[in-house]
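Reading the structure
Read off the chains here:
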Amino acid sequence: MENKLGNPQKTIEIIQKYQFAFQKKFGQNFLIDGRVLEKIIAAAEITEEDMVLEIGPGIGTMTQYLAEQARQVVAVEIDKNLIPILEETLKDYKNITVINEDILKLNIGELAEKYNQGKPIKVVANLPYYITTPIIMGLFESNVPIANITVMVQKEVAERMQAGPGTKDYGALSLAVQYYASPYIVANVPPNCFIPRPSVGSAVIRLTRYEKPPVEVLDSRLMFDLIRASFNQRRKTLQNSLNNAQNLTFTKEQIANAILSLDLPASVRGEALTLEQFAGLANALKKCTE
Ligand code: SAM
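From a predicted model like this one, the values you see are computed outputs, not experimental measurements.

1. Describing the overall build of the chain
Helix and strand counts for the chain stand at 12 helices and nine strands. A principal-axis box enclosing the C-alpha atoms of the chain has dimensions of 70 × 40 × 30 Å. Relative to its full complement of 290 residues, the chain shows a buried share of 51%. Taking as baseline every contact in the chain between residues at least 6 positions apart, the subset at least 24 positions apart corresponds to 68%.

2. Side note on the sheet that holds strand S6 (residues 146-154)
The strand order across the open sheet built from seven strands is S4-S3-S2-S5-S6-S9-S7, with neighbouring strands paired in mixed fashion. Each having just a single partner strand, strand S4 (96-100) and strand S7 (181-189) make up the two edges of the open sheet. Sheet twist, expressed as the mean angle between neighbouring strand axes with direction ignored, is 20°. Sheet analysis places strand S3 (residues 72-77) next to S4, joined by five bridges and oriented parallel. By the bridge assignment for S4, Val74 is matched with Thr97.

3. Some words on the packing of aromatic side chains
Scanning the model with the defined rule gives eight aromatic pairs in all. With a centroid separation of 5.3 Å and an interplanar angle of 80°, the aromatic rings of Phe20 and Phe22 are classed as edge-to-face. Look at Phe20 and you get buried, because its relative accessible area is 8%. Plain terms: the ring middles of Tyr179 and Tyr180 are 5.1 Å apart, the flat faces sit at 80° to each other, and that makes the pair edge-to-face. For Lys4, the ring lying beneath its charged end belongs to Tyr65, and the centroid distance is 3.8 Å.

4. Remarks on the side chain of Thr150
Within the element layout of this structure, Thr150 appears in strand S6. Excluding residues within four positions of it along the chain, Thr150 makes contact with Ile40, Ala43, Ala44, Val123, Val124, Ala125, Val204, Ile205 and Arg206.

5. Focus: the nonpolar core
By size, the foremost hydrophobic cluster in this structure holds 68 residues, and its most contacted members are Leu53, Ile55, Ile121, Leu207, Met223, Phe278 and Leu281. The residues contacting Leu53, other than those within four sequence positions of it, are Val74, Val76, Ile103, Ile108, Leu111, Ile121, Lys122, Val123 and Val124. Ranked by size, the runner-up nonpolar core spans 25 residues in total, among them Val36, Ala70, Val189 and Cys193.

6. Side note on helix H1 (residues 8-17)
Since the α-helix turns once every 3.6 residues, residues separated by three or four places project in the same direction. Taken residue by residue, H1 has Lys10, Thr11, Ile14 and Ile15 as its buried positions. Down the axis of H1, the sector holding all buried residues measures 130°, keeping them to one side. Exposed side chains of H1 directed beyond 90 degrees from the buried face belong to Gln9, Gln16 and Lys17. Those residues of H1 that are buried are in contact with strand S1 (30-31), helix H4 (83-89) and strand S8 (194-195). For H1, the N-terminal cap is Asn7; the gap from its side-chain oxygen to the backbone nitrogen of Gln9 is 3.3 Å. Gln19 lies just past H1 and shows a positive phi near 45°.

7. Overview of the side chain of Gln178
Along the chain, the position of Gln178 falls in helix H8 (residues 172-180). The contacts of Gln178, once residues within four sequence positions are left out, are Met161, Gln162, Ala163, Pro183, Tyr210, Pro214 and Leu275.

8. Focus on the pattern of salt bridges
Under the definition given, this model contains 13 salt bridges. Here Glu45 ties to Arg206 by a salt bridge, and the two come within 3.6 Å at their closest N and O atoms. Here Arg206 lies in strand S9 (residues 202-209) and Glu45 lies in the loop between helix H2 (34-44) and strand S2 (51-55), a separation of 161 residues in the sequence. Residue Arg206 is classed as buried on the basis of its relative accessible area, which comes to 13%. For Arg234, the salt bridge is made with Glu271, and the minimal N-O distance between the two is 3.2 Å. Separated by 37 residues along the polypeptide, Arg234 in the loop between helix H9 (220-232) and helix H10 (238-244) and Glu271 in the loop between helix H11 (252-261) and helix H12 (275-288) bring together distant segments of the chain. With relative accessibility at 15%, the residue Glu271 sits in the buried group. Each member of the salt-bridge network shares a partner with another, and the members are Arg234, Arg235, Arg269 and Glu271.

Conventions we followed
Residues numbered from 1 in each chain as written. Predicted model: local features only at pLDDT ≥ 70, side-chain atom pairs only at ≥ 80, totals over all residues. Heavy atoms only, no water. Helix = DSSP H or I, 4+ residues; strand = E, 2+ residues; numbered from the N terminus. Buried < 20%, exposed > 50% of the residue type's maximum accessible area, 1.4 Å probe, protein only. Contact = heavy atoms within 4.5 Å. Pairing = 2+ DSSP bridges. Axes fitted to C-alpha atoms, helices over the stretch in contact; angles between N-to-C directions. Phe/Tyr/Trp six-rings, centres within 6.5 Å; stacked < 30°, edge-to-face > 60°. Lys NZ or Arg CZ within 6 Å of the ring centre and 35° of its normal. Core = buried A, V, L, I, M, F, W, Y, C linked by side-chain atoms within 4.5 Å. Arc of directions from axis to C-beta. Polar contact = N/O pair within 3.5 Å; in protein donor to acceptor, adjacent residues only side chain to side chain. Salt bridge = Lys/Arg side-chain N within 4 Å of Asp/Glu carboxyl O.

Written as structure tokens, this is what we have:
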């Protein structure tokens, strides 16, 4: 296709033609490397049956690649200045719907219903980094039917999502993501693959949604409250972190007994616990509230 983007020349040509001014507040760094785009598309395992949700199409570079693989692409872009550009760059594709909206304000479940009869969708994006966590957690927590999420994020964030217990990157984000999905870092991507160049390194991560969470937990909100409290005071023992947390009302004794019931030492730190152990802790403490 003559209008195919995904290289520096074509991208600069479009930007100059429309005198497009990059907006830092929208996290605009456009991909200009065809090999990276191919890696993202391959990792997402898109078939011709699929509906793909793209968050932030920019000038439509990845949207073109997605439209060639998927049955239907729905691309949500907040910046109204990009809409006329997308009309031009995507005009040859009949299976793309562009929505000019803030992804955080959109009912994605309704989109899945309308464009995919409520069946699991695939999400692919070079994300605006300033809202990576709210986008991903929003997708998981809102119960939108999702098969997988393949996204470009800041390298450190990808590492935190994939980290396990006892490592420096392990934290509340690792556990939140790993409760819903199995993470896999597909590729690291250097700043020179974007215009303009971001000041941080990037990575593509694929999150394959579990049909059901890998642990059984009676009250997942309580588990996430415990997780947040543990990592808020990372250098303290688990027992002290939970004692000090304002939003938790368990007694010292209840906390000590719950830790003991998991066969963990009293001096254990939260950062040493697996997801399964946090689930066990939440289940033990839940019983104290009954
Ligand atoms: N997909 C394009 C690419 O790879 O070249 C652009 C990626 S750029 C990192 C992020 C895109 O997300 C920008 O086009 C930006 O305008 C858009 N964006 C930022 N915040 C958004 C939001 N809240 N809702 C929808 N799109 C948003």
